[in-house]
Amino acid sequence: MLKNFIYLNEPALDSYLSSLEDGLRGAVQAKSASSSSISGKAGVGGVGVGGDRDTQSEETISRDDTASARFERLQALARQDAERVGWIDVVNPDTDLAGVGIGALVEIECEIFIPEMIKALSPAGGLAKAIDQVQALAPLASLIGSDMTGLPPAGQLDAMKGFANTLGSDAAVVGERDDTDWRVAGKLLDSYLSGDVEGYARIVGKVSAVLRTGSWKPLLALPGMNLMGRDKRREMERKGPDEGQEDSWLQGPAIMVDVLAIYR
């Protein structure tokens, strides 16, 4: 089928494909040739000589090896030699992911969403801008009759804004299906994102961690989003989420992947 890529990490794609093709292609050239025959008779006074003449022409067409074409080749090669590549085309997650390990390259169709906490901390969520507005209005609060007593102190507001700015424009996404408890999660780099990622789509990625049933991981501690110290993170994971905070966590069974592509 024709693929509409919403996310495609081209450096990772080139790295994987070069391993399978012993290097990367340059421009692809194709040649086409055509020939024609001309017949005739020449002479004087009705006496002449007949003959044929062949003509040939050749055309060379140069094509760029686009990212979408490279992905098609990677997918085809991986499916042809799934065992060596570690390729898993997930159809039934409960069986296909039962023995999955780190390094496997998986493709799974699921419903993708960005957790609300990640949305709030992103630039589009506006948390940092909202804090800037509150801090700008604070000196004028008494003049305009606004009550600011319920807001966190200035130091806490600065810490919240700094945390949101640290997250940047990259996002963590989670994918889930109705027919299984398995989930897939990973980080998307903003520079490779080209559309609205939320909704049903296919994710292709390399497994970086596996969460077994009953285990938890805070979303902000996904690989590539380690915004808290290792000891603190491990302590939180052993404890699990507080009541009402489950949406800020990833619950096993789940796989965390380095996302290569998302397409519809």
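Residues numbered from 1 in each chain as written. Predicted model: local features only at pLDDT ≥ 70, side-chain atom pairs only at ≥ 80, totals over all residues. Heavy atoms only, no water.

## Re the pairing of strand S7 (residues 183-188)
Here is step 1 of the chain: Of the pairings in the sheet, the one linking strand S6 (residues 171-176) to S7 comprises six bridges and is antiparallel in character. When the bridges of S7 are listed, Ala171 appears paired with Leu188.
Here is step 2 of the chain: In textbook terms, the turn of a hairpin is the stretch between consecutive antiparallel strands, and for S6 and S7 this stretch comprises six residues.
Here is step 3 of the chain: Judged from the five bridges that link them, S7 and strand S11 (residues 254-263) form a sheet pairing that is parallel. Within S11, the position partnered with Gly186 by the bridge is Val257. (Pairing = 2+ DSSP bridges. Helix = DSSP H or I, 4+ residues; strand = E, 2+ residues; numbered from the N terminus.)

## Focus: the side chain of Arg202
Here is step 1 of the chain: In this structure, Arg202 sits in strand S8 (residues 199-211).
Here is step 2 of the chain: Using a relative accessible area of 17% as the deciding quantity, one classes Arg202 as buried.
Here is step 3 of the chain: Within polar-contact distance, the side chain of Arg202 engages the side chain of Glu107 at 2.7 Å.
Here is step 4 of the chain: A distance of 3.2 Å separates the side chain of Arg202 from the side chain of Glu109, its partner in a polar contact.
Here is step 5 of the chain: When sequence neighbours within four positions are dropped, the list of residues in contact with Arg202 reads Met1, Asp89, Glu107, Ile108, Glu109, Ala261, Ile262 and Tyr263. (Buried < 20%, exposed > 50% of the residue type's maximum accessible area, 1.4 Å probe, protein only. Polar contact = N/O pair within 3.5 Å; in protein donor to acceptor, adjacent residues only side chain to side chain. Contact = heavy atoms within 4.5 Å.)

## A few points about the pattern of salt bridges
Here is step 1 of the chain: Under the counting rule described, the total for this entry stands at 15 salt bridges.
Here is step 2 of the chain: As a salt-bridge pair, Asp179 and Arg177 come within 2.9 Å of each other at their nearest N and O atoms.
Here is step 3 of the chain: Between Lys217 and Glu237 there is a salt bridge whose closest N-O contact spans 2.8 Å. With a gap of 20 residues between them, Lys217 in strand S9 (residues 216-218) and Glu237 in helix H9 (residues 230-239) connect regions that are remote in the sequence.
Here is step 4 of the chain: One salt-bridge network, held together by shared partners, links Arg79, Asp89, Glu107, Glu109 and Arg202. (Salt bridge = Lys/Arg side-chain N within 4 Å of Asp/Glu carboxyl O.)

## Considering the nonpolar core
Here is step 1 of the chain: In this structure, Val100, Val106, Leu250, Ile255 and Ile262 are the most contacted members of the largest nonpolar core, which totals 37 residues.
Here is step 2 of the chain: Put simply, the parts of the chain that give this core at least two residues each are strand S1 (5-8), strand S5 (105-113), S6, S7, S8 and S11.
Here is step 3 of the chain: With six residues, S11 is the single largest residue contributor to this core.
Here is step 4 of the chain: Ignoring sequence-local partners within four residues, the contact set of Ile255 consists of Leu97, Val100, Val106, Trp182, Arg183, Val184, Ala185, Val207, Ala209 and Val210.
Here is step 5 of the chain: With 16 residues, the next largest nonpolar core counts Phe5, Leu8, Phe71 and Leu105 among its residues. (Core = buried A, V, L, I, M, F, W, Y, C linked by side-chain atoms within 4.5 Å.)

These figures capture arrangement, not role.
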